[in-house]
Amino acid sequence: MMLVHHLFLGRPEYGTTIVNLALACKVCVAMFVFLSGYGMTVTFPKVTESRIKVNLFFLCKRYAKFFLNYWFVFFIMVPLGVFVFGRPLEAAYVNTENIFESFEATSVDKARIIKYLISDLLGQQGLDSYNITWWFNAIVLMLWLFFPIFYWMMKTKVLSICFIAFVLINPGNVLNVLHYVVALGFPTYIVPFVMGILVALRIDVINRLLNKSHPYFILGLSTTISVLLLCLRGVLSPYWGFKVEPFACVFLVLSTVSFCRLTKLKLRWLQCVGKHSMNMYLTHTFIFSYFFSGFIYGFKMPILIFLALFFTSFLLSVCLEFVKKKIGFYKLQNKVVDIIIRIGGLTPKGLNPS
């Protein structure tokens, strides 16, 4: 979805159907957020003692793993862009008050570039990141920061319903200020994030309800609703389209799980792709937009363009993981996590290093 969205949105030369499909695939962002909320919840320590300490070091572990993987890609791809492919830092960091304003190399403000480069390293540069796709970093990092609060609210039935309704309705646009004081897009993606938390917390209840219905009925219904919601996402205005996304995530997940259970298929190739999804997210824009745009779009046909980007970004991720193993990256990551646990004085039961 992410690749299709970025490749074909705003590309009318590929036809209205492809453009609408690309717009519907915008749901990929909500899906990342939904799965992040779900994943954090199922790995969150279920302890009652030292709750503040557990929250703090659970988040520290999460941030450490993110930044180590992000910086690994950053310090490879950004120098490649600057010194090999002719995309200077000025291309992203100069004249960012107006992203449509062209820049001249002679007007470079070095102090400003350094400031924005540091902000980019911290994942807070938004749409003015060296790689524009990294705007998502600021959102997900801030959602993680609020996770303990959201988790507490989703544990209470009435509070969870009221909170989700409040964020969806956004009365008087009171949440819009969060676009500026927290992160651009933050209020938009609160709902899929907390719905991921809610599904994880209520998974036993959900399973009991699903088990009362015929599995083929669940698969047919969830698939139909998923398709309808994605079609709506492709034709609705941006405002209403974002309101649809959280529900599309839920039914997409339900249809996928139902399909796997009925067919007994493990979809291991998709599991493999999932393991590389972060690297593919971090690098694919370099491939199709900054470095090899002519090569990718040179395939002309949408399906071939998609496959070219899919396999090149996947193979690049495989190469990155190979290098990580050779240099002992994950040994370093595990040591960092162990240090965080020891500093916190937490046992593995209190904070699982996995």
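How each quantity is defined
Residues numbered from 1 in each chain as written. Predicted model: local features only at pLDDT ≥ 70, side-chain atom pairs only at ≥ 80, totals over all residues. Heavy atoms only, no water. Helix = DSSP H or I, 4+ residues; strand = E, 2+ residues; numbered from the N terminus. Rg over C-alpha atoms; globule rule 2.2 N^0.38 Å. Buried < 20%, exposed > 50% of the residue type's maximum accessible area, 1.4 Å probe, protein only. Contact = heavy atoms within 4.5 Å. Areas by Shrake-Rupley, 256 points an atom, 1.4 Å probe, with all protein chains shown as cover. Lys, Arg positive; Asp, Glu negative; His and termini not counted. Charge placed at Lys NZ, Arg CZ, Asp CG, Glu CD. Salt bridge = Lys/Arg side-chain N within 4 Å of Asp/Glu carboxyl O. Polar contact = N/O pair within 3.5 Å; in protein donor to acceptor, adjacent residues only side chain to side chain. Patch = residues over 30% accessible without salt bridge, like charges linked within 9 Å, V, L, I, M, F, W, Y side chains within 5 Å. Core = buried A, V, L, I, M, F, W, Y, C linked by side-chain atoms within 4.5 Å. Axes fitted to C-alpha atoms, helices over the stretch in contact; angles between N-to-C directions. Parallel < 35°, antiparallel > 145°, perpendicular 65-115°, else oblique. Left-handed = near helix turned anticlockwise from the far one by under 90°. Nonpolar A, V, L, I, M, F, W, Y, C, P; charged D, E, K, R; others polar. Expected span 1.5 Å × (residues − 1).

Caption draft 1: Focus on the overall build of the protein. For the protein, the count of helices and strands is 19 helices and 0 strands. A compact globule built from 354 residues should have a C-alpha radius of gyration of about 20 Å, and the protein, at 21 Å, falls within 12% of that. Projected onto its principal axes, the C-alpha coordinates of the protein cover approximately 65 × 55 × 50 Å. Within the protein, the proportion of its 354 residues that are buried is 46%. Intrachain contacts of the protein at a sequence separation of at least 6 include 71% that bridge at least 24 residues. Of the accessible surface of the protein, which amounts to about 18,800 Å², a share of 70% is contributed by carbon and sulfur atoms. The protein carries 32 positive and 13 negative side-chain charges, and their two centres are separated by 17 Å.

Caption draft 2: Structural context of the pattern of salt bridges. Scanning the entire structure with this criterion turns up 3 salt bridges. Glu 321 serves as the salt-bridge partner of Lys 324, at 3.1 Å between the closest nitrogen and oxygen. Separated by 3 residues within a single helix, Lys 324 and Glu 321 lie in helix H18 (residues 302-327), roughly one turn from each other.

Caption draft 3: Quick peek at the side chain of His 284. Mapped onto the elements of the fold, His 284 is located in helix H16 (residues 277-291). Here His 284 falls in the buried class, since its relative accessible area comes to 0%. Within polar-contact distance, the side chain of His 284 engages the side chain of His 6 at 2.7 Å. When residues no more than four places from it in sequence are discounted, the contact partners of His 284 are Met 2, Leu 3, His 6, Thr 133, Leu 309 and Ser 313.

Caption draft 4: Highlighting a positive patch on the surface. A contiguous patch of positive charge on the surface is contributed by Lys 264, Lys 266, Arg 268 and Lys 275. With respect to the helices, strands and loops of the structure, Lys 266 is situated in the loop between helix H14 (238-263) and helix H15 (268-275). A relative accessible area of 53% means that Lys 266 is categorised as exposed.

Caption draft 5: Layout of the nonpolar core. Grouped together as the largest cluster of nonpolar side chains are 94 residues, with contacts concentrated most on Leu 143, Phe 150, Phe 186, Ile 190 and Phe 193. Considering every element that reaches this core, the biggest residue donor is helix H4 (residues 51-83), with 12 residues. Setting aside residues no more than four positions away along its own chain, Ile 190 makes contact with Leu 143, Phe 150, Phe 163, Val 167 and Leu 178.

Caption draft 6: Quick look at the packing of helix H3 (residues 27-43) against helix H11 (residues 190-201). It is the contact of H3 with H11, at a shortest axis distance of 7 Å, that shows an interaxial angle of 40°. With respect to their mutual orientation, H3 and H11 come out oblique. Where H3 crosses over H11, the handedness of that crossing is right-handed. Contacts between H3 and H11 involve Ala 30, Val 33, Phe 34, Ser 36, Gly 37, Tyr 38, Met 40, Thr 41 and Val 42 from the former and Pro 192, Phe 193, Met 195, Gly 196, Ile 197, Val 199, Ala 200 and Leu 201 from the latter. The residue makeup of the contact of H3 with H11, split by class, is 13 nonpolar, 4 polar and no charged.

Caption draft 7: Representation of the environment of Leu 127. One can find Leu 127 in the loop between helix H6 (110-121) and helix H7 (135-145). For Leu 127 and Ala 92, which are 35 residues apart along the polypeptide, the C-alpha to C-alpha distance reads 9.1 Å. If sequence neighbours within four positions are ignored, Leu 127 has contacts with Ile 132, Trp 135 and Leu 184.

Caption draft 8: Structural view of a nonpolar patch on the surface. Residues Phe 292, Phe 295, Phe 299, Met 301, Ile 303, Leu 304, Leu 307, Phe 311 and Leu 315 make up a contiguous nonpolar surface patch of about 830 Å² in total accessible area. In this structure, Leu 304 sits in helix H18. When its relative accessible area of 36% is taken as the criterion, Leu 304 is described as partly exposed.

Caption draft 9: Examining the side chain of Lys 243 more closely. Its location among the elements puts Lys 243 in helix H14. Buried Lys 243, no salt bridge; nearest opposite-charge side chain is Glu 245, N-O distance 11 Å. Within the local environment of Lys 243, its side chain forms a polar contact with the backbone oxygen of Leu 168, the two atoms lying 2.4 Å apart.

Caption draft 10: Quick look at H6. Counted at 1.5 Å a residue, the expected span for H6 with its 12 residues is 16 Å, and the 16 Å between its end C-alpha atoms agrees. Here H6 has its buried residues at Arg 112, Ile 113, Tyr 116, Ser 119, Asp 120 and Leu 121. Of the surrounding elements, those touching the buried residues of H6 are H4 and helix H5 (90-93). A positive phi of about 75° marks Gly 123, the residue just after H6.

Caption draft 11: Layout of the environment of Ile 190. Inspection of the secondary structure puts Ile 190 in helix H11. By relative accessible area, which is 3% here, Ile 190 ends up buried. Expressed as a C-alpha distance, the spacing of Ile 190 and Val 140, which sit 50 residues apart in the sequence, is 9.8 Å.

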